[in-house]
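Observations on the model geometry
Below, each chain spelled out in residue letters.
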Amino acid sequence: MTNEAEEPSPPASAPTTTTTTTTTKSSSAPRIIRRKKKTTTTTTLSSGGTISGGNEIPTHIQNNTQLHHIISTTLPKDYDFEIPKTIWRIENSNAQHVALQFPEGLTMYASTIGDILVKFAYRFQPTTNSAPSSSSLPDQVSATEEEAKEHTSARPKAIQSLSILGDVTYGACCIDDLSARALGCDLLVHYGHSCLVPLTCTVIPCLYVFVEIRVDVQHMVDCVHMTFLQEEKERRQKNLGGAGSEVDSGGGTSRIIEACVMGTVQFRSAVIEAAQRLNSDADSSISSSEGGEIKFQAIVPQAKPLSPGETLGCTAPSGLAQLDFQDALLSPRERRERKKQEAEAVAAAAGAVNNDPVGFTTDSFPRERVMLFLADGRFHLEAAMISNPTLRALRYDPYSKTLTEERYETVKMKRLRREAIMAVRKSLGISDPLKRGINSGLTTPSVQDGDDIANSVLQPQQHSSSHPPSAANRKTMGIILGTLGRQGNPAILSRLRSLLHNRGIQTIIVLLSEIFPKKLEMLSKPTMSGGSGVCAWVQVACPRLSIDWGHYFCVPVLSPFELYVAFGEVDNAALWVADEEKADINDDLTDQYPMDFYTKSGGPWTNYYDSNKQRKVLSYGV
């Protein structure tokens, strides 16, 4: 975007002339809003180039043939480690002690990347020369030269130390800026994940490098086409072979596949490209040799503030089964036009079919909605399957180049988590009714707002008996704060501690980098003085620890969301209708087990809710 130049303002000593022009409304010119021109500092290099004060990578890095040669010969060509950007960030921040943090799958490239950064950072940075204009005064010229010399002398000559953090890294929540600061580093580069922990919350400057991976998107799209064409062929053969079949074996559209394309952050560009290619093929359709056509319509759902299509192990888009797919296909402008057309049709009471601006009109063709996931593992996909249990899930592995159908035992998971919640309620002696009846079936859901939940738990609860429990009889529940990087949010811990304190429950806070069954078994045992020990735990680290491994512990280990459910503060029917004899399709589709730990729309148990974003401990009266 080209910024408009502003008109020069008159000198302070010059008189200002005000001109008043009277115009009518009909002849008034449209208002033009000009963006203010950014003031940038430009330094002239002795080699003839310039360095801008903004984020643009300078020429001595961007055009360094030796740097690009080493990158192309030592690092995989399909991986974008953003080496020039990293070097510029090091030089721009004058960092001398740099820390690098990698997930397990990228650790093999840590030493190579470290060597490149040490070799090229500051080494090729040209010296600066002042370039005053001819109209400058002599004293101004000398002052500019002095500033340039002082800037050059103060600039580091090389990276003094480079540290590679070796602790396990599961996700962006494990960014370890605290350890990097303890090592004396002044910049941390975190590879392989998106920016979950805001840079305003880290104790030293950090740089997130997503490490985008280029894959064969066309092969993925071809696999999808072939899979559904083969299924359509088998379906037609089965129907035509049955008695009394009325299926036409000729041409025409057989069905429409509505694909929700998602993946991990490394493949975000490939996810968007795959959706675009599926939509580009929708007009021409995919024809089967046995007759009939299949149309594809694709969207890229988003769980804000994550990138479009990005899915975490604890956060995924939800409600995809109930989504108005035709509306999601439209751009914001087309969506407004469609609403306008619908309003006009209702006002005219003509009953005419609304013309879809995209070209997909209302039809009677059978539709199948699926999740199409791009990743080399199941962990992130499982979050999407938990959030959308009724949708079919297909996963494309870009390394083995295979398309597989994945399944998740949602009913079994809900049963295990329901049993853990009920065990906690029994241990704590909670008899208050839940928001939805467990034995009496479902009730009408009440509208709950996150603020209502947060405010209600801060109110001290009245005990059912006239005598509150004595200190010896009070139950103790443990709160685990994950210390693996920034996994644990102290603000969520404060809310949980207040929730338990206001109900007369003692708490013990334990800091753990990783949670193991044997360690919790030792911490949960009765004390030597006759104490009852810890009857249950709630962990503020990763919700998937409770979902995937909670039933392996000697005592229940709940996630923050499940603790709110246990105390009846959350209206969630998904856990109570999950029955071994019932299929997922019978669950309440509008109230699923949430995977929202890093969404903006989550409740007080999530990281981006209200004051939780600041990640600071609050007393809440405790």
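Read on for a plain summary of the structure. Throughout, a residue's number is its position along its own chain's written sequence, starting from 1. Local features in a predicted model are, by the rule used here, given only for residues with pLDDT of at least 70; side-chain atom pairs are given and counted only at 80 or more, and totals for whole chains, interfaces and linings are based on all residues. Hydrogen atoms and water are omitted, and side-chain values are computed over all heavy atoms in the structure.

**Notes on the side chain of Arg486**
Inspection of the secondary structure puts Arg486 in the loop between β16 (476-482) and α14 (490-501). A simple rule labels every residue: compare its accessible area, found with a 1.4 Å probe on the protein chains alone, to the largest value its type can have, and call it buried under 20%, exposed over 50%, or partly exposed in between. The exposure class assigned to Arg486 is buried, which follows from its relative accessible area of 12%. The contact definition used throughout considers only heavy atoms, calling two residues in contact when any of these lie within 4.5 Å. In contact with Arg486, other than residues within four places in its own chain, are Cys173, Cys174, Ile175, Asp177, Leu178, Val197, Cys201, Thr202, Val203 and Arg615. Counting from the N terminus, the helices are the DSSP runs of H or I reaching at least four residues and the strands are the DSSP runs of E reaching at least two.

**With respect to empty space enclosed by the protein**
A 1.4 Å probe that fits but cannot get out identifies a cavity on a 1 Å grid over protein atoms alone, an open set with protein on both sides within 12 Å along at least five of seven lines counts as a pocket, and a residue lines either if it has an atom within 4 Å of a point. Grid points are joined across faces, edges and corners, and a volume is the space filled by probe spheres set on the points. A complete count under the given rule lists three cavities of 30 Å³ or more for this structure. In this model, the largest cavity occupies a volume close to 80 Å³. Around the largest cavity sit Cys314, Pro543, Ile547, Ser559, Pro560, Phe561, Tyr593, Pro594, Met595, Asp596, Phe597 and Trp605, which together line it. Among the secondary structure elements, those contributing two or more residues to the lining of the largest cavity are α16 (543-549) and α17 (560-566). Here the residues of the lining of the largest cavity are counted per class, giving 10 nonpolar, one polar and one charged. Classification convention: Asp, Glu, Lys, Arg as charged; Ala, Val, Leu, Ile, Met, Phe, Trp, Tyr, Cys, Pro as nonpolar; all other residues, Gly among them, as polar.

**What about the pattern of salt bridges?**
We define a salt bridge as a side-chain nitrogen of Lys or Arg found within 4 Å of a carboxyl oxygen belonging to Asp or Glu. Tallied over the entire structure, the rule returns 26 salt bridges. A salt bridge links Glu382 to Arg544; the nearest nitrogen and oxygen atoms lie 2.4 Å apart. On the criterion of sequence distance, the pair formed by Glu382 in helix α11 (residues 379-387) and Arg544 in helix α16 is long-range, its members being 162 residues apart. Take Glu382 and Arg544: they sit in the same class, and that class is buried. In this structure, Arg407 engages Glu405 in a salt bridge whose closest nitrogen and oxygen atoms are separated by 3.7 Å. Judged by relative accessible area, Arg407 falls into the exposed class, the value being 63%.

**Structural notes on the state of the cysteines**
Any two cysteine sulfur atoms lying within 2.5 Å of each other are counted as a disulfide. In total, this model carries zero disulfides according to the counting rule given. With no disulfide partner, Cys174 has as its closest neighbouring cysteine sulfur the one in Cys173, 4.0 Å distant. The class for Cys174 is buried, based on a relative accessible area of 2%.

**Quick look at the packing of aromatic side chains**
Two rings from Phe, Tyr or Trp (for Trp, the six-membered ring) form a pair when their centres are within 6.5 Å of each other. A pair whose planes differ by under 30 degrees is stacked, one over 60 is edge-to-face, and the rest are tilted. By the definition in use, this model includes 13 aromatic pairs. Considering the side-chain rings of Phe120 and Phe124, the 5.5 Å spacing of their centres and the 20 degrees angle between planes classify their relative orientation as stacked. Taking the relative accessible area as the measure of exposure, Phe120 reaches 3% and is therefore buried. Residues Trp549 and Tyr552 carry aromatic rings whose centres are separated by 5.6 Å and whose planes lie at 40 degrees to one another, so their mutual orientation is tilted. For Tyr552, a relative accessible area of 52% puts it in the exposed group. Of the aromatic side chains, those joined through ring pairs into one cluster are Tyr79, Phe81, Phe102, Tyr109 and Tyr191.

**Observations concerning the packing of helix α3 (residues 83-92) against helix α4 (residues 110-120)**
Two elements in contact, α3 and α4, have axes separated by 10 Å at closest approach and are oriented at 50 degrees. With respect to their mutual orientation, α3 and α4 come out oblique. In the crossing of α3 with α4, the sense of the turn from one axis to the other is right-handed. Across from Ile83, Thr86, Ile87, Ile90 and Glu91 in α3, the residues of α4 making contact are Ile113, Ile116, Leu117 and Phe120. Lines fitted to C-alpha atoms define the axes here, with helix axes fitted over just the stretch in contact, and angles between the N-to-C directions of these axes take values from 0 to 180 degrees. Here roughly perpendicular refers to angles of 65 to 115 degrees, roughly parallel to angles under 35, roughly antiparallel to angles over 145, and oblique to all remaining angles. Here a crossing is taken to be left-handed if its near helix is turned anticlockwise relative to the far helix by less than a right angle, and right-handed if that turn runs clockwise.

**Digging into the sheet that holds strand β19 (residues 557-558)**
Spatially, four strands are ordered β17-β16-β18-β19 in an open sheet, and the strand pairing comes out parallel. Single-partner strands in this sheet number two, and they are β17 (506-512) and β19. The pairing criterion is simple: DSSP has to find at least two bridges between the two strands. Where β16 meets β17, seven bridges bridge the pair, whose relative direction is parallel. From the neighbouring strand, Ile479 faces β17, where its bridge partner is Ile509. Contacts from α14 reach β16, β17 and β18 (534-540) within the one sheet, and its direction differs from that of β16 by about 175 degrees.

**Describing the nonpolar core**
Take the buried residues of types Ala, Val, Leu, Ile, Met, Phe, Trp, Tyr and Cys, join any two whose side-chain atoms come within 4.5 Å, and each joined set is a nonpolar core. Core analysis: the largest hydrophobic core is formed by 74 residues, its most contacted members being Met477 and Leu563. Once you skip the residues sitting within four places of it in the chain, Leu563 turns out to touch Met477, Leu496, Leu499, Leu500, Val538 and Leu558. Membership of the second largest hydrophobic core comes to 57 residues, among which are Trp88, Ile90, Val217 and Phe228.

**Focus on helix α2 (residues 65-74)**
Within the sequence span of α2, burial applies to Leu67, Ile70 and Ile71. For α2, the arc enclosing every buried residue in end-on projection is 100 degrees, short of the 170-degree limit, so these residues lie on one face. Counted as exposed and oriented over 90 degrees from the buried face of α2: Thr65, His69, Ser72 and Thr73. Those residues of α2 that are buried are in contact with α1 (59-62), α3 and α4. Capping the start of α2 is the job of one residue whose side-chain oxygen sits 3.1 Å from the backbone nitrogen of Gln66: Asn64. This arc is taken over the directions from the axis of the helix to the C-beta atoms. Under the rule applied, a polar contact is a pair of N or O atoms within 3.5 Å (in protein, one hydrogen donor and one hydrogen acceptor; residues adjacent in sequence only if both atoms are side-chain atoms).

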